[in-house]
Amino acid sequence: MDIHRCRFVQYPPQAINSVAFTHSSLPSTSAGKKYLQKHVQVRLAIGRANGDIEIWNPANGVWHQELVIPGGEDRSVDGLVWVTDPDEEMTDGKIIYGKSRLFSIGYSNEITEWDLEKARAKVHASGQHGDIWCLGVQPLPNKATVNTSRKLVAGTADGNLVLYSIEDGDLKFEKSLIRTPSKKVKFVSITFQNRNVVVVGCSNSTICAYDIRNGELVRQMSLGADLSGGPKSIIVWAVKCLPNGDIVSGDSTGQVRIYDGKTYTQAQRIQSHSQDVLSLAVASDGSKIFSGGMDRKTSVFIQVPGQNRRWSKKYHRRYHTHDVKAMASFEGKGMSVLVSGGPDGNPVVMPLRMAGNENHRTLPNLPQASAVESAPKARFMLSWWGNEVRLWHLPSPAQQILHDASATQNFTSQSLRKNRKLLAKILVRGESHISSATISEDGKLLAAATSTDIKVFQLNYATGQPLEIKKIDLDTSGQGASKVQIAPNKQWISWVEDGSKVMIAKVQPTEDGSYTISSPSKLARLRRQIAKNLLLGGLGNYNRNITQLTFSPNSKMLAAADLAGYMDTWVLRVPGDAPLTNGTTTAHHSDDEASSDDSSSDESSSESSADPNAERWTRSPNARLLPKLSSVPVVLSFSPRDDYSLLVVTIQKQVLVFSALQGVLSEWSRRNTYPKLPERFRITRDVMKGVVWQGERIWLWGVSSLFMLDLSRDLEFAEGATVVKGKKDRSKKRKRVDGSGAGGKMEGREVTGPQVVKKMVQGEDGETRWEEMELDGEDDWASTAGGSEFEDDEEGGELMKLRQGEEEHEEEEGANGTVAVAEKDKKARWWFTYQFRPILGVVRLGEEESEIAVVERPVEADGGKERYFGEGEWER
């Protein structure tokens, strides 16, 4: 495989201004209380400086970016708040888990609620006040019901404290609670001490506690003057409250202060940072305090043993390359993490409960969905960022460049630069940034989608001539798309509307060489049997959002997959052509039966075309046979050698190949189950992002890894592996991610926490002795948080049902009890590399399947904002 290593594509990282979890903690399961955490949809929201909102699924430590809601021009997300309702029990005993709603602010006087199912803003609300600088939600009482009212409380730049009502699913301004006499005072940070008392950090060296029932000032706490030579006023950038009511603040002097929650007097102050403290987080049990500052430090504080309400700094680390601007924590059975972010754009996941015993993990700032596409026949490469699309031309193959260089013996970096040409910059105007873009294989059609519109362009290019761009009209009725695809034969364009609706339109050439696009039709999806209590609570129908959409090589099949793991397929019915059955006899339902039984209630689809002689898309006869995947699919692609061989890769590192027409697993997938995949592939923490085909080989790539698997050959267990007859092979059980949701466990000298904890116990003989105590048992760390519980196929899942009968055969055993394997040859079955990072995209170039372009986006290539340097500190 010839590789072009490209670093000229722009994709600057965006600063993280806010992070927030749907839940700060979840109760542990106990014998007396059955709490099904696997149905609680825990999500992390990240707000960026360009207005993007990202939704991440912790997924037991996998950390999958599920959704990106694009921002817009002059739009920023500077604060995020989740409002989660209390749980409700149905008459049949099932639990409706509290519905979660997401609100944001952006240094304007508006509050925005977001519709995650449709990936767009739901409602905006504002009042007669200044820009909102901080936002908090009123906590629930101990015995809350679904009818318990709650308010949003916002602090403004002109010293106002205002209330917003969120009752009955609405959002509206209610009243101004506090108006400070001086408009120079700014309310910078906010938290709740209890349901009725809100604590506000101000810009005038004070922290104020107000009663939101009547607006009375409960107490004002003064921080005094700044350090010598500093400004007169201290800015309180962050405030948090401990479970016992004590108040923690971080300010512009670099100090963390603790106040008694009853007397509102300062109990302690710790000089923990050399510059401003910008963010704070606390453990749910009040045992730890975390602070992040402008000096890049993340500090950890613990209570001093034997001293009531006294704190000491345990250690600090510099996980970020810039300010630590935002923090949020989550604790549940199996996960205990702290997530931070700042101007460097990379979310960092740190262990909370196991701080000092586990490593941190830096998540990528690049999107899960690739921002690079290619037109291999024309050797075009398409990239997009913000509202701009760039089209590049790479005219010469890699082998030709090397051959010419060796012939002239004059190979320089200038030779490589001459092999790329920026053909065009296309500015897509609209309210929001580009959510998806695509280009046809021959480079003739280009489409770019935003949340409000879809733009389609015709491209004409001849070597040595300027690129001609012509706009093609597409009627979307004011609706945008989250994903858009063009069929390989350029006759169809499909997109995802409102998050879960699949639309398709015919592209027809005209006599003058241009194109027209017909009115779009909606493709009906199979109706899935989802429990009512799950639909009414949590994130509702959010899991039905489609994240994968792809055409078959012959353009006669379209496949889609959603976050819940459901797959839908449609086939093109052409008058006069034989039905696409692939010789299958497994389906016994006609299209009409399928429509009446399982399709959505909306009948305005391509299947109901009035013209019987027209081409139309119908649901594949065996679409219902495709199983529900046990985890989220992140790669969906048809094989170029077999029009209906569908590859699926999940966040669990499952690699599955289906016969899409028959709705069954391929023979390769039946033989090569998860345990046979290379261990290096299974243990990587990278979530796969895409695939490039090279004949029967697949090249899977993540943000920092590139794996090759040969699907024409069976994978084998490691050499020397033994199988004991009569015993179940435990290697088939899928292992969870080690640790509490961040990085792996520390070893040796890296560990800053205790290795062995002992307790004194009294034996039956009356003598006392020391015994080792486990910090957490294996059962206690069986992770179930994140709303994406991984099901083991061998426990009777849908995939296992497809494999039944085919895998229940005995391997041929040798005399020494080892499993017989096929004779090895020189051709590799799999291969991997971590040489390329971070990877923005991998695309194919040329008509042959032997050349790819790997687009990297090194952090240093994008520069970045200037940051603070401490005394004696310098860049490497």
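Residues numbered from 1 in each chain as written. Predicted model: local features only at pLDDT ≥ 70, side-chain atom pairs only at ≥ 80, totals over all residues. Heavy atoms only, no water.

Engineer: Could you give an account of the overall build of the protein chain, with specific residues and numbers?
Structural biologist: Counting its secondary structure elements, the protein chain contains seven helices and 60 strands. Residues counted as buried form 55% of the 876 residues belonging to the protein chain. Considering only residue pairs separated by 6 or more positions, the protein chain has 57% of its internal contacts joining residues 24 or more positions apart. Split by element, the accessible area of the protein chain, about 39800 Å² in all, is 46% carbon and sulfur. (Helix = DSSP H or I, 4+ residues; strand = E, 2+ residues; numbered from the N terminus. Buried < 20%, exposed > 50% of the residue type's maximum accessible area, 1.4 Å probe, protein only. Contact = heavy atoms within 4.5 Å. Areas by Shrake-Rupley, 256 points an atom, 1.4 Å probe, with all protein chains shown as cover.)

Engineer: Requested: an account of the packing of aromatic side chains, with residues and values cited.
Structural biologist: A complete count under the given rule lists 15 aromatic pairs for this structure. Between Phe551 and Trp617 the ring centres are 6.1 Å apart and the planes differ by 65°, which places this aromatic pair in the edge-to-face class. With Phe551 in strand E45 (residues 546-551) and Trp617 in strand E48 (residues 616-619), this residue pair connects regions lying 66 residues apart in the sequence. The buried category is assigned to Trp617, whose relative accessible area is 0%. Here a set of aromatic residues connected by ring pairs shows up, and it is made of Phe681, Phe707, Trp830, Phe832 and Tyr834. Its guanidinium or amino end placed over the ring of Tyr566, Lys628 lies 5.6 Å from that ring's centre, counting from NZ or CZ. (Phe/Tyr/Trp six-rings, centres within 6.5 Å; stacked < 30°, edge-to-face > 60°. Lys NZ or Arg CZ within 6 Å of the ring centre and 35° of its normal.)

Engineer: Kindly report on the environment of Met688, identifying the contributing residues and their values.
Structural biologist: Mapped onto the fold, Met688 is located in the loop between helix H6 (679-683) and strand E53 (690-694). Using a relative accessible area of 1% as the deciding quantity, one classes Met688 as buried. Taking the C-alpha atoms as reference points, Met688 and Ser705, separated by 17 residues in sequence, lie 8.5 Å from one another. Contact partners of Met688, with chain neighbours within four places excluded, come to Gln368, Val634, Val635, Val649, Lys653, Phe681, Leu700, Trp701, Gly702, Ser705 and Phe707.

Engineer: An account of the sheet that holds strand E37 (residues 445-449) is needed here, citing residue identities and associated values.
Structural biologist: Strands sit in the order E36-E37-E38-E39 across an open sheet of four strands; the sheet is antiparallel. At either end of the open sheet lies a strand with only one pairing partner, and these are strand E36 (436-439) and strand E39 (468-472). Each strand of the sheet is rotated relative to its neighbour by a mean of 20°, with strand direction disregarded. With four bridges connecting them, E36 and E37 associate as antiparallel partners. (Pairing = 2+ DSSP bridges. Axes fitted to C-alpha atoms, helices over the stretch in contact; angles between N-to-C directions.)

Engineer: Which residues make up the side chain of Asp295, and what values do they have?
Structural biologist: Checked against the element boundaries, Asp295 lands in the loop between strand E25 (288-293) and strand E26 (298-303). No salt bridge is formed by the buried Asp295; the nearest opposite charge belongs to Lys297, separated by 4.1 Å. Within the structure, the side chain of Asp295 is placed 3.0 Å from the backbone nitrogen of Ser274, a separation counted as a polar contact. (Lys, Arg positive; Asp, Glu negative; His and termini not counted. Salt bridge = Lys/Arg side-chain N within 4 Å of Asp/Glu carboxyl O. Polar contact = N/O pair within 3.5 Å; in protein donor to acceptor, adjacent residues only side chain to side chain.)

Engineer: Please give an account of the nonpolar core that cites residues and values.
Structural biologist: Of all hydrophobic cores here, the largest spans 40 residues; its most connected members are Ile55, Leu102, Leu116, Val655, Ile698 and Leu700. Residues within four places of Leu116 in sequence aside, it is in contact with Ile55, Leu67, Ile69, Trp82, Leu102, Leu539, Tyr542 and Asn545. (Core = buried A, V, L, I, M, F, W, Y, C linked by side-chain atoms within 4.5 Å.)

Engineer: Account for the pattern of salt bridges, with residues named and values stated.
Structural biologist: Applying the stated rule across the entire model yields 25 salt bridges. Of the charged contacts, one joins Glu615 and Lys506 as a salt bridge, the two residues approaching to 2.9 Å between their closest N and O atoms. Of this pair, Glu615 sits in the loop between helix H4 (591-598) and E48 while Lys506 is found in strand E42 (residues 501-509), placing the two residues 109 residues apart along the sequence. A residue is classified by how much of its surface remains accessible, and Glu615, at 30% relative accessible area, is partly exposed. Its salt-bridge partner being Arg528, residue Asp568 comes within 3.6 Å of it at the nearest N-O pair. Of this pair, Asp568 sits in strand E47 (residues 567-573) while Arg528 sits in the loop between strand E44 (521-523) and helix H3 (532-536), and the two are 40 residues apart along the sequence. The pair formed by Asp568 and Arg528 is uniform in burial state, with each residue classed as buried.

Engineer: Run through the pairing of strand E50 (residues 645-650), naming residues and quoting values.
Structural biologist: Burial analysis of E50 places six of its six residues in the buried class, the great majority of the element. Side chains Ser645, Leu647 and Val649 of E50 all project onto a buried face; the interleaved residues Leu646, Val648 and Thr650 project onto the opposite face, where all are buried too. Inspection of the sheet shows strand E49 (residues 633-638) paired to E50 by five bridges, in the antiparallel sense. Its bridge partner lying in E50, Leu636 is registered against Val648. Count of turn residues in the E49/E50 antiparallel hairpin: six residues. In this structure, E50 lies alongside strand E51 (residues 655-659), joined through five bridges in antiparallel fashion. Residue pairing across strands places Val649 opposite Val655, the latter belonging to E51. Count of turn residues in the E50/E51 antiparallel hairpin: four residues, of which Lys653 carries a positive phi of about 70°.

Engineer: Please provide a residue-by-residue account of the environment of Pro13, values included.
Structural biologist: Along the chain, Pro13 falls in the loop between strand E1 (2-6) and strand E2 (16-21). Owing to a relative accessible area of 23%, Pro13 belongs among the partly exposed residues under this scheme. Here the alpha-carbon distance between Pro13 and Asn365, two residues 352 residues apart in the chain, equals 6.3 Å.

Engineer: Tell me about unusual backbone geometry, and please be specific about residues and values.
Structural biologist: With an omega of -15°, the peptide bond running from Arg837 to Pro838 counts as cis. Here Pro838 lies in the loop between strand E58 (830-833) and strand E59 (839-844). The backbone of Asp74 shows a phi angle near 55°, a positive value even though the residue is not glycine. Mapped onto the secondary structure, Asp74 falls in the loop between strand E5 (64-69) and strand E6 (79-84). The class for Asp74 is exposed, based on a relative accessible area of 80%.

Engineer: Before we move on, can you summarise the side chain of Asn622 with the specific residues and values?
Structural biologist: Tracing the backbone through its elements, the reader meets Asn622 in the loop between E48 and E49. Judged by relative accessible area, Asn622 falls into the buried class, the value being 1%.

Engineer: An account of the confidence of the model for the protein chain is requested, with residue identities and associated values reported.
Structural biologist: For the protein chain, the average pLDDT comes to 83, and 79% of its residues sit at 70 or higher. A low-confidence stretch, residues 583-604 (pLDDT under 50), is modelled with 33 contacts involving residues beyond four sequence positions or located in other chains. Across residues 773-795 the pLDDT falls below 50, and counting only partners more than four positions away or on other chains, this stretch makes 78 contacts in the model. (pLDDT = per-residue confidence, 0-100.)

Engineer: How would you sum up the state of the cysteines? Please name residues and give values.
Structural biologist: The final tally for this structure, using the stated rule, is zero disulfides. The closest cysteine sulfur to the non-disulfide-bonded Cys202 is located on Cys208, 4.1 Å from its own sulfur. On the accessibility criterion, Cys202 (1% relative accessible area) is buried. (Disulfide = S-S within 2.5 Å.)

Engineer: Explain the sheet that holds E51 to me, and be specific about the residues and the numbers.
Structural biologist: In space, the four strands of this open sheet follow the order E49-E50-E51-E52, with antiparallel pairing throughout. The open sheet is flanked by E49 and strand E52 (664-665), the only strands paired with a single partner.

Engineer: Give me the environment of Glu431: which residues, what numbers.
Structural biologist: Relative to the assigned elements, Glu431 resides in the loop between strand E35 (421-427) and E36. The spatial distance from the C-alpha of Glu431 to the C-alpha of Thr450 is 8.3 Å, given a sequence separation of 19 residues. In contact with Glu431, other than residues within four places in its own chain, are Gly72, Glu73, Arg75 and Thr452.

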